[in-house]
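Observations on the model geometry
Chain by chain, the residues:
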Amino acid sequence: MTSRARRTVTVSWPEANARRLARQHLSGPAPGLSPADAVGAMLGAHAQVLSAAELSVGLRGEGLTRADVRTALWADAPARRTLVKTFGPRGTVHLLPAADLPLWTGALSAVPTGPNPFPKDTRMTPDQVEEVVAAIGAALTGAELTVDELSEEVVARTGPWAGDLVMPGFQAMWPRWRQVLHLAGHRGVLAYAPNRGRRATYTNPGYTPLPGAEAQAALVERYLYAYGPASEAHFARWLAAPKRWADGLFASLAGSGAIEEVAFAGAGPAWVVAGDTDFPAGPVRGVRLLPYFDAFAIASQPRERLFPGRAYERALGGGQAGNYPVLLVDGTVAGVWHQRRSGRRIAVTVEPLEPLSAARLRALEDEVERVGAVMEGRAELTVGTVSVGPHA
């Protein structure tokens, strides 16, 4: 009796892109989709610009508005908050589903760190890092503090060294302890609370991280479900994690049968969740507008296929996705856009890289109307040059 080698599935770029768009609810807005479900599908909504995160979420669900996102995030009763604003992938501010916070914190807190980027006289020892993270968690338990109030608590609980003004900030120097603010978020002891006036506040969300190995395995599977086929390098880049570590993690999951290798046309070997090899047969159709830092534009690889030709130069800020809001035509980046709000009026300027047909122009008008509905305003379209540069 002979054994037959398992056939390697070959996946084309159009197939992969169509499936990603569908699973991101970007083929069309999904009826009944909650803000938390939308954020879960995209594996976190980048929220450094909160209005962009609100639009990312709202465009994926039928009838969703920014008010729905804000209610999910800031409901009066903490138990009713289904979204959490905290530090997510790449150490950047994200909206994450509250129900998934144990998974995220378990996975992110176990990712190995690279070389310390801070000057020698600025760094903290490993013991000092642990002392500060513990102080942050204790200070924020049952409290909502501004960063200045939190700083006073951390220094009081650790020592004057934590308050040394050695960290370059925005037109000021920040105290030493601030270098581990994102780490406290990854450990699950810090998240954003509702603003106090215009000032951000923080609290301890009280979630216990899952064990690191279990959480990281689950995160890889969710990533591959949303953005696969993808390679170890793609995953490492998305997470800002060491490539060698990602190689070992994928090898372990392949050995256990949790993921399987496919041939990704034009990108070489890549991975999907085991058995998840069904892809749409039809081409992607439609016009979509994605805001700053939309997860689809950031995570989809290989980037040169999503940003073909002139789009790679025009729509990427220094090669980095997310710095420009992008126009998608039939699933690929075909231009950039910008919005400017004044009261309820939202002036939307779209710069296509190629002239749009009459049918696509009508589709763009419909999409601009959706932007206005999500943002609870009246959007007006101008097709022309976007003069605004990339977001920093």
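Placed above this text is the structure.
The paragraphs below set out a description of the structure included in this document. Bear in mind the structure is a predicted one, so any value in this text is a computation, not a measurement. (Residues numbered from 1 in each chain as written. Predicted model: local features only at pLDDT ≥ 70, side-chain atom pairs only at ≥ 80, totals over all residues. Heavy atoms only, no water.)

1. Some words on the overall build of the chain
When helices and strands are counted, the chain shows 15 helices and 16 strands. Since a compact globule built from 392 residues should have a radius of gyration of about 21 Å, the 22 Å found for the chain is in line with a globular shape. Its C-alpha atoms give the chain principal-axis dimensions of about 75 × 65 × 40 Å. Scored against the burial criterion, the 392 residues of the chain give a buried share of 51%. Long-range contacts, defined here as pairs at least 24 residues apart, represent 63% of the contacts in the chain between residues at least 6 apart. A total accessible area of about 17900 Å² is found for the chain, and carbon and sulfur atoms account for 52% of it. Charge separation in the chain, taken as the distance between the mean sites of 40 positive and 37 negative side-chain charges, equals 3 Å. (Helix = DSSP H or I, 4+ residues; strand = E, 2+ residues; numbered from the N terminus. Rg over C-alpha atoms; globule rule 2.2 N^0.38 Å. Buried < 20%, exposed > 50% of the residue type's maximum accessible area, 1.4 Å probe, protein only. Contact = heavy atoms within 4.5 Å. Areas by Shrake-Rupley, 256 points an atom, 1.4 Å probe, with all protein chains shown as cover. Lys, Arg positive; Asp, Glu negative; His and termini not counted. Charge placed at Lys NZ, Arg CZ, Asp CG, Glu CD.)

2. Observations regarding the packing of aromatic side chains
All told, the structure shown has 10 aromatic pairs when counted by the stated rule. Seen from their ring centres, Phe87 and Tyr192 are 6.1 Å apart, and the 40° between their planes marks the pair as tilted. Of this pair, Phe87 sits in strand S3 (residues 83-87) while Tyr192 sits in strand S8 (residues 191-196); the two residues are 105 residues apart in sequence, bridging distant segments of the chain. Of the two residues, Phe87 and Tyr192, both sit in the buried class. What makes Tyr192 buried here is its relative accessible area of 15%. Three or more aromatic residues joined by ring pairs form one cluster here, namely Trp104, Tyr223, Tyr227, Phe235, Trp238, Trp245 and Phe250. Over the ring of Phe279 we find Arg19, and its NZ or CZ is 3.8 Å from the ring centre. (Phe/Tyr/Trp six-rings, centres within 6.5 Å; stacked < 30°, edge-to-face > 60°. Lys NZ or Arg CZ within 6 Å of the ring centre and 35° of its normal.)

3. Some details on the side chain of Asn17
Summarising the element assignment, Asn17 is placed in helix H1 (residues 13-23). Among the polar contacts listed, one links the side chain of Asn17 to the backbone oxygen of Gly331, at a separation of 2.7 Å. With near-sequence residues (within four places) excluded, Asn17 lies in contact with Phe296, Leu306, Gly331 and Thr332. (Polar contact = N/O pair within 3.5 Å; in protein donor to acceptor, adjacent residues only side chain to side chain.)

4. Focus: the pattern of salt bridges
Within the structure shown, the criterion is met by 20 salt bridges. We note a salt bridge from Arg285 to Asp330, for which the minimum N-O separation is 3.9 Å. Taken as a pair, Arg285 in the loop between strand S11 (268-273) and strand S12 (287-290) and Asp330 in the loop between strand S13 (326-329) and strand S14 (332-342) lie far apart in primary sequence, 45 residues in all. Among the ionic contacts, a cluster of salt bridges with common partners joins Arg19, Arg23 and Asp276. (Salt bridge = Lys/Arg side-chain N within 4 Å of Asp/Glu carboxyl O.)

5. Thoughts on the pairing of strand S15 (residues 345-352)
In this structure, S14 lies alongside S15, joined through eight bridges in antiparallel fashion. Pairing of His338 across the sheet is with Thr349, part of S15. What sits between the antiparallel neighbours S14 and S15 is a turn of two residues, in which Gly343 has the positive phi angle 65°. With six bridges joining them, S15 and strand S16 (residues 378-383) adopt parallel strand pairing. By the bridge assignment for S16, Val350 is matched with Val383. The parallel pair S15 and S16, bridged by helix H15 (residues 358-374), forms a crossover whose chirality is right-handed. (Pairing = 2+ DSSP bridges. Right-handed = clockwise from strand over helix to strand, strands pointing away.)

6. So, helix H3 (residues 50-58)
Among the nine residues that make up H3, seven are buried, leaving the element largely enclosed by the rest of the structure. Of all the residues in H3, the buried ones are Ala52, Ala53, Glu54, Leu55, Ser56, Val57 and Gly58. Packed against the buried residues of H3 are helix H2 (35-42), strand S2 (45-46), helix H4 (66-74), strand S4 (93-97), S14 and H15.

7. A closer look at the packing of helix H6 (residues 126-140) against helix H7 (residues 147-158)
As a packed pair, H6 and H7 sit with axes 9 Å apart at the nearest point and diverge in direction by 125°. Comparing the axis directions of H6 and H7 gives the class oblique. In terms of crossing hand, the pair formed by H6 and H7 is right-handed. Of the residues in H7, those in contact with Glu131, Val132, Ala135, Ile136, Ala138, Ala139 and Leu140 of H6 are Leu150, Glu153, Val154, Arg157 and Thr158. Residues of the contact of H6 with H7, tallied by class, amount to eight nonpolar, one polar and three charged. (Axes fitted to C-alpha atoms, helices over the stretch in contact; angles between N-to-C directions. Parallel < 35°, antiparallel > 145°, perpendicular 65-115°, else oblique. Left-handed = near helix turned anticlockwise from the far one by under 90°. Nonpolar A, V, L, I, M, F, W, Y, C, P; charged D, E, K, R; others polar.)

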